[in-house]
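Structural characterization, general
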Amino acid sequence: MNGKVKDKADAARDKLADKLPDKLSNKVRKKKAAPLKITNDTIAEHREQILAGGRKFKYPLQYSKHKILINAVAVAVVAVVFFSVWLWVMLYRVQATSDFFYNTTRILPLPVARVDGEWVRYSDYLRRIRADIFYYENQESKNFQTEDGQRELDYNKRRELTATIRAAYATKIARENNVSVSTAEIDAKIKAQREADNSDEATLIRMLRAYYNWTLDEYRQTIRDQLLEQKVAFAIDNPAKERVAKVEERLRSGEDFAEIAKEVSDDPIAKETGGIMIAREGDSDGMGLIAAARSLDEGQFSGPIASLGRNVDGNYCYFIVKLESKTDSETRYSVITINLAQFDKDFARLGEQGKIREFIRVPEL
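Residues numbered from 1 in each chain as written. Predicted model: local features only at pLDDT ≥ 70, side-chain atom pairs only at ≥ 80, totals over all residues. Heavy atoms only, no water.

What follows deals with the packing of helix α10 (residues 238–252) against helix α11 (residues 257–264). At a minimum axis distance of 10 Å, the contact between α10 and α11 shows a crossing angle of 155°. As summarised for this structure, α10 and α11 are arranged roughly antiparallel, according to the angle between their axes. Once α10 is placed against α11, the crossing between them reads as right-handed. Two secondary-structure elements touch here, α10 through R243, V247, R250 and L251 and α11 through F257, I260, E263 and V264. Residues that form the contact of α10 with α11 fall into these classes: 5 nonpolar, no polar and 3 charged. (Axes fitted to C-alpha atoms, helices over the stretch in contact; angles between N-to-C directions. Helix = DSSP H or I, 4+ residues; strand = E, 2+ residues; numbered from the N terminus. Parallel < 35°, antiparallel > 145°, perpendicular 65-115°, else oblique. Left-handed = near helix turned anticlockwise from the far one by under 90°. Contact = heavy atoms within 4.5 Å. Nonpolar A, V, L, I, M, F, W, Y, C, P; charged D, E, K, R; others polar.)

Once that is clear, we can look at the sheet that holds strand β2 (residues 118–121). Spatial ordering of the open sheet is given by β2-β1-β7, a layout of 3 strands whose pairing is antiparallel. Among the strands making up the open sheet, the edge pair consists of β2 and β7 (356–358). Taken pair by pair, the neighbouring strands of this sheet meet at an average axis angle of 20°, ignoring direction. Pairing of strand β1 (residues 111–115) with β7, which is carried by 3 bridges, proceeds in the antiparallel orientation. Residue pairing for β7: A113 is matched across the bridge by E358. (Pairing = 2+ DSSP bridges.)

Running from N to C, helix α6 (residues 147–176) and helix α14 (residues 342–352) cross one another at 110°; their axes reach a closest spacing of 11 Å. In this view, α6 runs roughly perpendicular relative to α14, as classed from their interaxial angle. Seen from α6, the contacting residues are T162, I165, R166, Y169 and A170; seen from α14, they are F343, D344, D346, F347 and L350. Classifying every residue of the contact of α6 with α14 by side-chain character gives 6 nonpolar, 1 polar and 3 charged.

With that settled, consider the side chain of S334. Within the fold, S334 resides in strand β6 (residues 330–339). Taking the relative accessible area as the measure of exposure, S334 reaches 4% and is therefore buried. A polar side-chain atom of S334 sits 2.8 Å from a polar atom in the side chain of E324. Leaving out residues up to four positions away in the same chain, S334 has contacts with F257, G274, G275, I276, I320, V321, K322 and E324. (Buried < 20%, exposed > 50% of the residue type's maximum accessible area, 1.4 Å probe, protein only. Polar contact = N/O pair within 3.5 Å; in protein donor to acceptor, adjacent residues only side chain to side chain.)

On to unusual backbone geometry, then. Even without being glycine, Q95 reaches a positive phi, approximately 60°. In this fold, Q95 is placed in the loop between α3 (43–92) and α4 (99–107). Taking relative accessible area as the criterion, Q95 reaches 12% and is therefore assigned buried. Phi is positive for S141, which is not a glycine, with a value near 50°. On the secondary structure map, S141 appears in the loop between α5 (122–139) and α6.

Turning to the environment of N178, a few remarks are in order. Topologically, N178 is positioned in the loop between α6 and α7 (183–197). Each C-alpha atom of the pair N178 and A235 lies 9.9 Å from the other, and the pair is 57 residues apart in sequence.

Grouped together as the largest cluster of nonpolar side chains are 60 residues, with contacts concentrated most on V112, V115, Y122, Y125, V247, I336 and I360. In this structure, I290, A293, V321 and Y333 belong to the second largest nonpolar core, which totals 14 residues. (Core = buried A, V, L, I, M, F, W, Y, C linked by side-chain atoms within 4.5 Å.)

A few words now on α11. Those residues of α11 that sit buried are F257, I260, A261 and V264. Buried residues of α11, viewed axially, fall in a sector of 105°; they line one side. A side-chain oxygen of the first residue of α11 lies 3.2 Å from the backbone nitrogen of A258; this N-cap is D256. (Arc of directions from axis to C-beta.)

Next up on the list: the pattern of salt bridges. Throughout the structure, instances matching the rule amount to 27 salt bridges. Residue K172 is joined to D116 by a salt bridge in which the shortest nitrogen-to-oxygen separation is 3.2 Å. Taken together, the residues span a long stretch of sequence, with K172 in helix α6 and D116 in the loop between β1 and β2 at a distance of 56 residues. Note on K172: relative accessible area 13%, which makes it buried. A salt bridge links R158 to E358, with the nearest nitrogen and oxygen atoms 2.9 Å apart. Of this pair, R158 sits in helix α6 while E358 is found in strand β7, placing the two residues 200 residues apart along the sequence. Taking relative accessible area as the criterion, R158 reaches 4% and is therefore assigned buried. We classify E358 as partly exposed; its relative accessible area is 30%. Via salt bridges that share partners, D124, R127, R128, D132, R159, E160, R224 and D225 belong to a single interconnected network. (Salt bridge = Lys/Arg side-chain N within 4 Å of Asp/Glu carboxyl O.)

Written out as structure tokens, the structure is:
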């Protein structure tokens, strides 16, 4: 009797379960299922049920880690983009020159211009203009916030940006012509300057810091730029070499030195004086011409002497020196000056051809 009642109850429950939604149907059917007994035959099935129950806790954690990683990458990308935009505005619009931006451009090779395909590093420009600003503010108490101060700052910016672009162009030409500046040449230049100032290296370092806020390495880089442009200017100026060769040929043929100086010398004073110079004991000899003259015999002329820097007119040049007379206290000599022009002409032509692009706005002189 009890068995028949149980069978009828089970049949009724199954019929009801068939009519219910799947989730409720399963719950109803589970009530009728007999408890699972763990045996050798059912242990694998039981283990799978336990593992399946644990997976519902594992997968949400994996999803959370994945989401955290995506969010972290997104935040990093936004931060990089924000920093890049801010840095661009500060350098290329505001033209900030603080230590932070200078050090940043020394790490990141950001360009300030491009000349004939050669990138011009922003850090090289900042090295120069920062020295100008530091000098005028600390040595001459210049206020760049005034109208006159702003005009002077604009002048310095243009001068230093042009010098930086010229240095980059010289680097390009030097690479193409296998011209280089050695460490020994830089050391010799600095040593000559120290001897002229009667100072040692420690004094030089203090002066660089006090006047320009430069380290010795920054000063060495500036000297390297100067020497490289100078060597390139002499290397590529074939017209100047030809002029010098013609002058030497005329001198060897016996023509008068003074007359040739009046005719061909690029020193405007020589057009009237024939290039005659008088030096007395203790006079400075920045170009080495006095020493060159005193090394000659009276009436003898030298070969072409490359200038040690720019002359008073701002040109690199060749000199030919003739000793007129000398005593212990006085040297009379004559000079023919042949200016170099090829490098300046080539650089100016690049500007005319639109091959110089500046990425910051600096007023023209």
